[in-house]
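Structural overview for review
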Amino acid sequence: MPSIEALDAEAEAILRGNDRGGYTVPTDGLYPYQWNWDSMFAAWGFAAFDIERAWDEIDSLFSGQWPNGMVPHILFHRPDPSYFPGPDVWGTDGMGPIASSGISQPPVAASFAKKVFDQNPKVGRARLPALLPKMKAWHRWFLEARAHDGAICITHPWESGRDNAPDWDGAMAAIDPEGVGSYERRDLTHVDAAMRPTKADYDRYIWLVQRGRRLGWDESALAENRPFMVADPTMTFTLLRSNRDLAELADMLGEDRSEIDAWTQALEHGAATLWNESLGSYDSRDAVSGEWSGAISNASFLCWWAGIDKPAMLQQLDRICTAAPFAVASYDPGGPKFDAKRYWRGPVWGMINSLIGIGLEDCGHIDAANRLCETTRGLIEKSGFAEYFDPIDGSPAGGSRFTWTAAIWLGWASPNARRI
Ligand code: GLC
């Protein structure tokens, strides 16, 4: 097993190696562009050794913000034919300042901006003022374009960052991907097909992109007869936490926080609507059909990250960590759709673990927080900086030398992490 010092050095080398000059790719090859939430984890990782570079990462993400406030889930800074679907498929020309996708991703930027700020408040005071209104505009966009009774919805599975989670199965099955045409996936040239979404999923992913393109990515046109809209714990809990962090950042700059506080109230209400009593867990809900997904996922456990302490979730966490010891499985190991290798249908994602762990700690569940941190550390010691891991045997899966896995090591999982 490599030493902690060797892993610290390797994590730093991964971030530097995935740096493309002001922005970081998730990993070389499989994901050659800047991804929204990956990039904010990267900022947290950079903060451990290069504070200005950490702020540059956040700036570069917001350099792609659309005039309506949306911050795209991918920024295509430089063309790269090894990725599908690229800018030619999204058809967002002229929508934003740089080529991008037409959907967003979980808003963790304000939360990590706060961590980067806390690492070095002096630099933070110089860098934050330009970013604050941009983050605020993004949050406003979520409340205006994605809220359903206060819960934040996704309009494409990719928007959640949990692409093929069982949460979306019902809503995806209701889509007939007629006319999607033929296309060539590139992900399968990098990673084993058993670890990736299926063709049925991909047809629907692309069909939804084609619909967005046809409607010119106009939010009001897209909102009519939406074929896919699911209220999502990932979005709702991350926005709630980011919004609380944004309010604190506004305080630090002496700015008015009343509008942000009103959003927090709406989001607290929205989060409560995601409690599925019969499942005994936070769950996602199809906003079109009104049906629950019935899925206990790792996003269900982001409640603590959002500042919501729900005792029943501690019991669920215990049960899931016992069933699949390399916790936290992305989907209930006792559930009918569990698949230990397939992406968001079972594997463990270290970056979600870091959010759950910090949330547990913030809510005073110190033992549970420490256990999760040690489990994650053990996984990385055993299997390296993989994209995700098998929750039963801890083996690595997906891409390697992954930015966010390196970042959470530096920010949280390494015994040398400063834990800001
Ligand atoms: C996959 C993940 C998503 C991530 C992206 C880049 O699409 O599901 O969460 O942002 O890869 O790593």
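Here, the structure is the one placed above.
Residues numbered from 1 in each chain as written. Predicted model: local features only at pLDDT ≥ 70, side-chain atom pairs only at ≥ 80, totals over all residues. Heavy atoms only, no water.

Quick word on the site of the ligand
- The environment of the ligand is made up of Pro26, Tyr31, Trp35, Trp37, Asp38, Gln105, Gly161, Asp163, Tyr343, Trp344, Phe402 and Trp404.
- Contact distances for the ligand include 3.1 Å between an oxygen atom and a side-chain N or O atom of tryptophan 37.
- Here aspartate 38 contributes a side-chain N or O atom positioned 2.6 Å from an oxygen atom of the ligand.
- Most atoms of the ligand, that is more than half of them, are within 2 Å of grid points of the largest cavity.
- The residue makeup of the shell around the ligand, split by class, is eight nonpolar, two polar and two charged. (Near = heavy atom within 4 Å. Polar contact = N/O pair within 3.5 Å; in protein donor to acceptor, adjacent residues only side chain to side chain. 1 Å grid on protein atoms, 1.4 Å probe; cavity = no way out; pocket = protein on both sides within 12 Å on 5 of 7 lines; lining within 4 Å. Sits in = over half its atoms within 2 Å of the grid points. Nonpolar A, V, L, I, M, F, W, Y, C, P; charged D, E, K, R; others polar.)

Points about unusual backbone geometry
- The omega torsion of the bond from phenylalanine 84 to proline 85 falls at 0°, within 30 degrees of zero and hence cis.
- One can find proline 85 in the loop between β2 (74–75) and α4 (87–90).
- Cis peptide bonds are those with omega within 30 degrees of zero, and the linkage from alanine 327 to valine 328 qualifies with 5°.
- Mapping valine 328 onto the fold places it in the loop between α12 (311–323) and α13 (350–362).
- For aspartate 149, which is not glycine, the phi torsion reads 55° and is therefore positive.
- With respect to the helices, strands and loops of the structure, aspartate 149 is situated in the loop between β3 (147–148) and β4 (151–154). (Helix = DSSP H or I, 4+ residues; strand = E, 2+ residues; numbered from the N terminus.)

Points about the packing of α13 against helix α14 (residues 366–383)
- Direction vectors running N to C along α13 and α14 enclose 160°, while the axes themselves pass 8 Å from each other. Here α13 lies roughly antiparallel to α14, going by the angle between them. Considering only the axes of α13 and α14, their crossing is left-handed. Contacts between α13 and α14 involve Gly350, Asn353, Ile356, Gly357, Leu360 and Glu361 on the former and, on the latter, Ile366, Ala368, Ala369, Leu372 and Thr376.
- Here the contact of α13 with α14 is composed, by residue class, of six nonpolar, four polar and one charged. (Axes fitted to C-alpha atoms, helices over the stretch in contact; angles between N-to-C directions. Parallel < 35°, antiparallel > 145°, perpendicular 65-115°, else oblique. Left-handed = near helix turned anticlockwise from the far one by under 90°. Contact = heavy atoms within 4.5 Å.)

A closer look at the layout of surface pockets
- In this structure, the largest pocket occupies an estimated 220 Å³ of space.
- Lining the largest pocket are 16 residues, and of these Ala48, Leu410, Asn416, Ala417 and Arg418 lie nearest its centre.
- For the lining of the largest pocket, the secondary-structure elements that each account for two or more residues are α1 (4–18), α2 (36–47) and α15 (403–413).
- By residue number, the principal contributor to the lining of the largest pocket is α1, which donates three residues.
- A class-by-class count of the residues in the lining of the largest pocket yields eight nonpolar, four polar and four charged.
- Roughly 180 Å³ of internal volume is contained in the second largest pocket. (Points joined across faces, edges and corners; volume = space filled by probe spheres on them.)

Overview of the sheet that holds β3
- Strand order in the open sheet formed by four strands is β3-β4-β5-β8, and the pairing between neighbours is antiparallel. Both outer strands of the open sheet, β3 and β8 (285–286), are each paired with one neighbouring strand and no more.
- In the sheet, β4 pairs with strand β5 (residues 230–231) via two bridges, with the strands oriented antiparallel. Across the sheet, residue cysteine 153 finds its bridge partner in β5, namely alanine 231. (Pairing = 2+ DSSP bridges.)

A closer look at the pairing of β4
- Neither face of β4 is exposed, since Ala151 and Cys153 on one face and Ile152 and Ile154 on the opposite face are all buried.
- Pairing of β3 with β4, which is carried by two bridges, proceeds in the antiparallel orientation. From the neighbouring strand, histidine 148 faces β4, where its bridge partner is alanine 151. (Buried < 20%, exposed > 50% of the residue type's maximum accessible area, 1.4 Å probe, protein only.)

Examining the side chain of glutamine 316
- By secondary structure assignment, the location of glutamine 316 is in helix α12.
- For glutamine 316, a relative accessible area of 11% translates into the label buried.
- Polar side-chain contacts of glutamine 316 include one of 3.0 Å to the backbone oxygen of glycine 280.
- Apart from residues no more than four positions distant in its own chain, glutamine 316 is found in contact with Leu279, Gly280, Ser281, Ile296 and Phe301.

Quick word on empty space enclosed by the protein
- Counted under the stated rule, the structure contains three cavities of 30 Å³ or more.
- Its volume calculated, the largest cavity comes out at about 250 Å³.
- Lining the largest cavity are 25 residues, with Tyr31, Trp35, Tyr83, Asp163 and Tyr343 sitting closest to its centre.
- Looking at side-chain class alone, the lining of the largest cavity contains 14 nonpolar, five polar and six charged residues.
- Looking at the second largest cavity, its volume works out to about 120 Å³.
- Around the second largest cavity sit 15 residues that line it, and Thr155, Leu208, Trp217, Leu222 and Arg226 are the ones nearest its centre.
- Among the elements of the structure, α8 (199–214) and α9 (219–223) are those that each provide at least two residues to the lining of the second largest cavity.

By themselves, these figures tell us nothing about what the structure is for.
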